[in-house]
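# Structure assessment
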Amino acid sequence: MQKNNIKRKSPVSGFLDKIFYNKYKKKREGAIRFYDMSSPLVKIACAAIFLICAAMIIVAVFPAAWAILAGFKDLKEFVTGKKILPVSFSFAGYAKTWESMKFARYYLNSAIAVAGGVVCAVLFNGLLAYVLGILRPVGHKVVFALVMWTLLIPPTTSVVAQFVNIHKVVEFFNKLAGLDSMNSFFNVMPLWLIMGANAFWLVLFKEFFESLPKDYTEAAQLDGCTDLGVFTKIMLPLSMPIVVVVSIFAVTAAWSDFLLPNLLLSNSEWRTVMVRLFEFRTAIKVTEIDKLHAVVFSIIPPTIMFILFQRQITRGVTVGGIKG
Amino acid sequence: MKKMKALCLILALTMLVFTVSSCTSTAPASAGSADTPPAETPVSAAPPESEPEEQVTGTFICGIWPADTDYVALQQHLVYEAIFNAEHSNIEFVRFYYKYATDNFLPMVQAGTVPTIFESWFTEPAKLIESGGARDITDILNERGWAEAINPSIKELLSKDGKIYGIPRDAYALGLGLNLELFEQAGLMNADGTPQYPKTWEELAAAAKKIKDETGAAGLCLLAKDNAGGWHWSNIAWAFGANLVTDNGDGTFTSNLDSAEAVAAMEYTKSLKWEYDVLTADPLSEDWGTGFTQLGTGAAAMYIMANDATEQPTANNGLAVDKFALVPVPAGPGGQYSLSGGTPYFFGANASDAEVNAALDYLILMGKAPVLNDLSIAGMKAGNATKVSMGAPVIQRFPCWTLQELIDKENEITAEFSNVNEALYADYFKAVTTEGNLRLEESGQTQNMYAELTKVLQEVLTNSDADVAALMKTADENYQSMLDNPTA
Amino acid sequence: MTAGARGGNLQKKNRIQKNISAWAIMLPTLVLFAFFIWEPILESIRLSTYRGIGVDFSRLRFVGLDNYRLMFIDPNFKAALSNTFIYILWSLIIGFFVPLIMAALISETAHLKSAIRVAIYFPNIMPGLATAIIWTFLFRPGPTGVLNIILGWLGLAPFNWLSARGWTIPLIITTMTWKSAGSTALIYMAGIAGINPELYEAATIDGAKPMRRFWHITLPGLLSLGKTMLILQIISVFQVLYEPMMMTNGGPNNKSISMMMLVYQYAFRDFNYAMGTTISVFICLILAVLTIIYFALTRKVSNE
């Protein structure tokens, strides 16, 4: 049918060209170009591809959207109801879980853990990348090789020993400062510092630094700037794009992490949102709908961040080259 | 002076009972504590009078402090705390909300921050003791005369090499929880408001089928997601006459998972899915918590559960308190048994004798100790009042202490606050007090045995062609290999 | 002494100073790496030669390599090890090709490109734990699960997704792919965008149809990127932990249990940290071998 329409240049086909196919004039990447539109087969393929892409949007967004909407159901409706959408929209259920689970406090804790983590991620990885990429002292190749190995041996596999190590040091400082071991802020600090030892972000920094023109740093050094001064006054301001990328990765990582935080913070007043969600796994007084509400609470802040910074984020991934 | 203060606080506690219970329609006419003569206590709870300038000799880290979200319990504990402080000026009281979990305990042992007292599970004593996190309290219990008062089989569970490490908070015995709304819809009720519940596993299959046909809801919620599956299933195995493990007495164990009786029990379980089709949509997604959700929301009519968890289907998952009943675990060709255990209290390895004593005094205030006095009576009342206000059934506690006058008093207070038709629980309590009915968990590496059984359950519930005998044989070999090669 | 020699001395002194200052700057980060990553790996190896409950060495006893013997006779380990291969297989079928196909398709459309780009990346910023829980709800068995409701619209009976024979691991991989495919696809898209447009035009003049152009220009252009992604994909599969833990608890009958799940169970359920680290060390060994392969591959690629 469509084939005939195109051949006859019917009004329908003209309309389709106007709203859909003409846009392909500007297409400069991939295999299909505007001049291929003479073939009806290609036209159909283009329409099909577009529909599949639209379906991708739905698949990507649906689970989160469903979780938010299903959170309006009550327990019985959620467990025994056979409808995807809730019967009525009332925030009472959400409010109850928020209140009874004291989520405000966990949001604050997560914000603290994330903020410190981002600073450490940028500062420590940036400094090492600066040394390995620009200053290149004796032995930098050995250090870089060691770091690259960690990129491929994930720390999750040694989380037990990692935890034992952290614990010894935290206890040492707690005793030194005479603080209560359970609720002392020293329990949170390892979560900040561990963000400073990330081989992947380090490589991102290093590659970016190496791509910067050498003139700036050399000029600054001639002016008598120290190495550290060059980093803070020249390198960082010039590297804002990559700083933003690493920061975004660090925010997502710090917000989502629960394995180590759960070990370090369980039962302390510094528990983060994800630790709380993880605890729900074994909690007694938590119903299925509370669990769903908590999931929604845990995805709202990253979603807001994503909406605000979508451009930087999607561009950042490509800068990153490999996934975070 | 101090006694006066304590009395005032008891009064405050009694007031609290009224405040809490008056929120509900089923409030009892009178709490009636004034009429009760103060009972004798085996051990005096009052510490010796001390000098005006007292030194703090210890810190009581109260690891059983309720979560700040648990408003009702919190109100109670604030009163307990006030009484405690009035009586123990030489001990610093520290509120500490702690919920035991296997992934957070060892960190605390390492840090030396295990609270003075904490609740755990009955599966844990061996690990807790070996990890060095729990302390030996034998001498203190002997001094107080509490050691003899612990239910002997429970004491056995909490001891190692003749030393006692914990005391029971509550004991439980498994029964069958029923959703009476579904029983009504299926026409399985007697004229007197009691359910026509299944007495044997054969009857259970038939009753479950009837419920499924009449209401569309599952007849039985069987667990097969995690080790709780094997834990519940061992009740079925016993009813079919199986002995799952033999303790050889020399530190070795022999697994009998592939005995003819165990295989018959598993064949029966398989038939619930493939012949009767009375289970929830996928038992492999059900764990201890979702089971209560299914029962409470009316998605399943029957669920194996214990008397100490009756607030789960009701208060927490919305089933009206008068629509719930607890009946005995069905019998089988091998008899009728109920698995029993309980929730224990343990004491941190770093706690001093004075601190442990402080914790035990606190238990008296809570009414969880083998001590009967005004404080413990008020504590028991407050506990029951909380249940009434939450819409959870107030039923007898399972005796974990053998002190008869305590049991009598507890039953009296339970009757006073009762918000349920006792006939709905009568058969359960009759069964579990029958000689030889209660069985403790199997010995050996119990959790590993449950894991092996759960794997078999998962296979027979997802594969209608599963060869039960072969699967049980594999499970038996796996478990025997673990018993022969302990990894810890 | 000549002026040149003096200059050389000065230069040498300068160089030493430079080295010291550089090392001083990277020292804090190196301490972090040592403390959080390198030392724990060594500590794991040590702990794996002991036996007992907890991590207090005074309560543990040295057993040499016996834990590794126990590991290999543990029926759960056997299941986890063979599952790992099934995880890898499915992660190649689903996890590797889906982002590639997505990138190819999105690159061939001219509409809503930035919206699609943003939408497909969105799952990536969702916390992994939340993703696993949401998908468990979506896969819920019985007529009340979301996917089963959709099956109902199509007139089909409810399906027990996660416990159906042969479906468990593919569905877990699907969940993981849902979360990660977007970011991988964006990287492939950048790769496609980086292909010189003249290549396509030249091919067109030679009479190549779009499909041919795709096979002969687009795909070869993604080859080296694809190799890197493949090996990263395989490495990440070895760390599968919370998806099976939250979604199936390793079931049915151990068909989705992963090695990291065993580590977690030994260490954080049984307090048996020694056995936990034994399996960790084993995973590290495998990953080390894969890492060598990865470096060999990337070196070859960069030499080409």
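Definitions and limits used
Residues numbered from 1 in each chain as written. Chains lettered and ligands numbered in written order. Predicted model: local features only at pLDDT ≥ 70, side-chain atom pairs only at ≥ 80, totals over all residues. Heavy atoms only, no water. Helix = DSSP H or I, 4+ residues; strand = E, 2+ residues; numbered from the N terminus. Rg over C-alpha atoms; globule rule 2.2 N^0.38 Å. Buried < 20%, exposed > 50% of the residue type's maximum accessible area, 1.4 Å probe, protein only. Contact = heavy atoms within 4.5 Å. Areas by Shrake-Rupley, 256 points an atom, 1.4 Å probe, with all protein chains shown as cover. Lys, Arg positive; Asp, Glu negative; His and termini not counted. Charge placed at Lys NZ, Arg CZ, Asp CG, Glu CD. Buried area = accessible area lost by both parts, 1.4 Å probe. Salt bridge = Lys/Arg side-chain N within 4 Å of Asp/Glu carboxyl O. Phe/Tyr/Trp six-rings, centres within 6.5 Å; stacked < 30°, edge-to-face > 60°. Core = buried A, V, L, I, M, F, W, Y, C linked by side-chain atoms within 4.5 Å. Pairing = 2+ DSSP bridges. Domains from an automatic or database assignment. Polar contact = N/O pair within 3.5 Å; in protein donor to acceptor, adjacent residues only side chain to side chain. Patch = residues over 30% accessible without salt bridge, like charges linked within 9 Å, V, L, I, M, F, W, Y side chains within 5 Å. pLDDT = per-residue confidence, 0-100. Expected span 1.5 Å × (residues − 1). Axes fitted to C-alpha atoms, helices over the stretch in contact; angles between N-to-C directions. Parallel < 35°, antiparallel > 145°, perpendicular 65-115°, else oblique. Left-handed = near helix turned anticlockwise from the far one by under 90°. Nonpolar A, V, L, I, M, F, W, Y, C, P; charged D, E, K, R; others polar.

Helix and strand content of chain C: 13 helices and two strands. A compact globule built from 304 residues would reach a C-alpha radius of gyration of about 19 Å, whereas chain C, at 26 Å, exceeds it by more than 25%. Here the C-alpha coordinates of chain C stretch approximately 95 × 75 × 30 Å along the principal axes. Taken across its 304 residues, chain C has 59% of its residues classed as buried. Partitioning the intrachain contacts of chain C with sequence separation of at least 6 by distance along the chain shows that 62% fall at a separation of at least 24. As presented, chain C carries roughly 12,600 Å² of accessible surface, and 68% of it is formed by carbon and sulfur atoms. In chain C, the 24 positive side-chain charges and the 12 negative ones have mean positions that sit 4 Å from each other.

In this section: the overall build of chain B. Of regular secondary structure, chain B possesses 18 helices and 13 strands. A fraction of 77% describes how many contacts in chain B between residues 6 or more apart in sequence connect residues 24 or more apart. Carbon together with sulfur atoms contributes 51% to the accessible area of chain B, which is approximately 18,000 Å² in total.

Below, the discussion takes up the environment of A:R276. Among the structural elements, A:R276 can be located in helix α15 (residues 273-279). Ignoring anything within four residues of it in the chain, the contact list for A:R276 reads A:M101, A:F103, A:Y106 and A:R271.

As a further point, take the interface of chain C and chain B. Taken together, the contact pairs 37 residues of chain C with 36 residues of chain B. Here chain C and chain B share an interface that buries about 2,800 Å² over both sides, 53% of which is from carbon and sulfur atoms. Area buried by chain C at its contact with chain B is led by C:I53, C:N253 and C:F271, which between them contribute 21% of it. Taken together, the links from chain C to chain B amount to two salt bridges.

Time to look at the packing of aromatic side chains. How two aromatic rings sit relative to each other is set out by the distance from centre to centre and by the angle between their planes. Counting across every chain of the model gives 72 aromatic pairs over all chains. Here B:Y100 and B:F105 contribute two aromatic rings whose centre-to-centre distance is 5.5 Å and whose plane-to-plane angle is 50°, an arrangement assigned as tilted. With respect to class, B:Y100 is no different from B:F105; both count as buried. When the centroid spacing of 5.5 Å and the interplanar angle of 80° are considered together, the rings of C:Y50 and C:F62 count as edge-to-face. In this pair, C:Y50 sits in strand β1 (residues 50-51) while C:F62 sits in strand β2 (residues 61-62), placing the two residues twelve residues apart along the sequence.

Take the pattern of salt bridges next. All names here are of chain B. Going through the model one piece at a time under the given rule, you end up with 31 salt bridges over all chains. For the salt bridge of K127 with E124, the shortest nitrogen-to-oxygen distance reads 3.1 Å. The burial state of K127 is the same as that of E124; both residues are buried. K455 is paired through a salt bridge with E452; the nearest N and O atoms lie 3.0 Å apart.

So, about the nonpolar core. Ranked by size, the top nonpolar core spans 352 residues in total, and within it A:W66, B:I167, B:M302 and B:Y362 carry the most contacts. Among the elements that take part in this core, helix α6 (residues 103-135) of chain A stands out by supplying 15 residues, more than any other. Of all hydrophobic cores here, the second largest spans eight residues; its members include A:A31, C:I195, C:A208 and C:F214.

Another aspect to go through is the pairing of strand β6 (residues 166-179) of chain B. Residues and elements named next belong to chain B. With 14 of 14 residues buried, β6 lies mostly within the body of the structure. As paired elements, β6 and strand β10 (residues 300-306) share five bridges and run antiparallel to each other. For L174, the partnering residue across the bridge sits in β10 and is A306. Relative to strand β11 (residues 324-327), β6 is paired through four bridges, and the arrangement is antiparallel. Residue L178 lies in a different strand from β11, and its bridge partner there is A325.

All names here are of chain B. Summarising burial for helix α11 (residues 288-296): seven of the nine residues are buried, a large majority. Within the span of α11, buried status applies to T290, G291, F292, T293, Q294, L295 and G296. Among the residues trailing α11, G298 stands out with phi positive, at a value near 80°.

So, about unusual backbone geometry. Residue and element names in this part refer to chain C. Note the cis peptide between G251 and P252, where omega equals -10°. Despite not being glycine, N253 has its phi angle at roughly 50°, a positive value. In this structure, N253 sits in the loop between α11 (242-247) and α12 (259-268). A positive phi angle, close to 65°, is found at N254, a residue other than glycine. Among the secondary structure elements, N254 is positioned in the loop between α11 and α12.

Our next topic: the interface of chain A and chain C. Contacts between the two partners involve 108 residues from chain A, matched on the other side by 102 residues from chain C. Across the chain A to chain C interface the summed buried area is about 9,500 Å²; carbon plus sulfur atoms make up 77%. Where chain A meets chain C, there are five salt bridges. C:E201 is the partner of A:R33 in a salt bridge, and the nearest nitrogen-oxygen pair spans 3.0 Å.

Residue and element names in this part refer to chain B. Domains assigned within chain B are domain 1 (9-172 + 341-425) and domain 2 (173-340 + 430-484). Each partner contributes residues to the interface: domain 1 has 21 residues there, and domain 2 has 28 residues. In this assembly, domain 1 packs against domain 2 so that about 1,800 Å² is buried in total across both faces, 63% of it on carbon and sulfur atoms. Across the domain 1-domain 2 interface, the total number found is two residue pairs in polar contact (both at pLDDT 80 or more).

Residues and elements named next belong to chain A. Taken together, the side chains of V169, F172, F173 and L176 present a nonpolar region at the surface, about 390 Å² in accessible area. Along the chain, F173 falls in helix α8 (residues 159-177). Judged by relative accessible area, which is 36%, F173 ranks as partly exposed.

Along the chain, B:G216 turns up in the loop between α8 (201-215) and β7 (218-221). The spatial distance from the C-alpha of B:G216 to the C-alpha of B:T116 is 50 Å, given a sequence separation of 100 residues.

All names here are of chain C. Looking at chain C as a whole, the pLDDT averages 88, with 95% of positions reaching at least 70. Averaged pLDDT values for the elements of chain C fall to 80 in helix α13 (residues 273-303) and rise to 95 in helix α2 (residues 66-73). As scored by the predictor, the complex reaches a pTM of 0.87 and an ipTM of 0.88.

A few words on helix α10 (residues 199-211) of chain A. Because each turn of an α-helix spans 3.6 residues, side chains separated by three or four positions end up pointing in the same direction. Residue and element names in this part refer to chain A. Compared with an ideal rise of 1.5 Å per residue, which puts 13 residues at 18 Å, α10 spans 18 Å between its outermost C-alpha atoms and is within 8% of the ideal. Taken across its 13 residues, α10 has ten buried, putting it largely inside the fold. Structurally, the start of α10 carries an N-cap: the backbone nitrogen of F200 is 2.9 Å from a side-chain oxygen of N198.

Okay, the environment of A:V243 next. Residue and element names in this part refer to chain A. Counting through the fold element by element, V243 comes out in helix α13 (residues 240-256). Taking the C-alpha atoms as reference points, V243 and R33, separated by 210 residues in sequence, lie 36 Å from one another. Look past the residues within four positions of V243 in its chain and what remains in contact with it is V122, F205 and L236.

Let us look at the side chain of B:E124. Residues and elements named next belong to chain B. Examined against the element boundaries, E124 turns out to sit in the loop between β3 (117-119) and α4 (125-130). A polar side-chain atom of E124 sits 2.6 Å from a polar atom in the side chain of Y100. Those residues within four positions of E124 in sequence are excluded, and the remaining contacts are Y100 and T102.

Next up on the list: the packing of helix α4 (residues 113-121) of chain C against helix α7 (residues 168-193) of chain C. All names here are of chain C. The geometry of α4 relative to α7 is characterised by a closest axis approach of 7 Å and an angle of 140° between their N-to-C directions. What the angle tells us is that α4 and α7 run oblique. In this structure, α4 crosses over α7, and the sense of that crossing is left-handed. Residue-level inspection shows R117, I120 and Y121 of α4 in contact with α7, the latter providing G182, S183, A185, L186 and M189. Taken together, the residues of the contact of α4 with α7 break down into five nonpolar, two polar and one charged.

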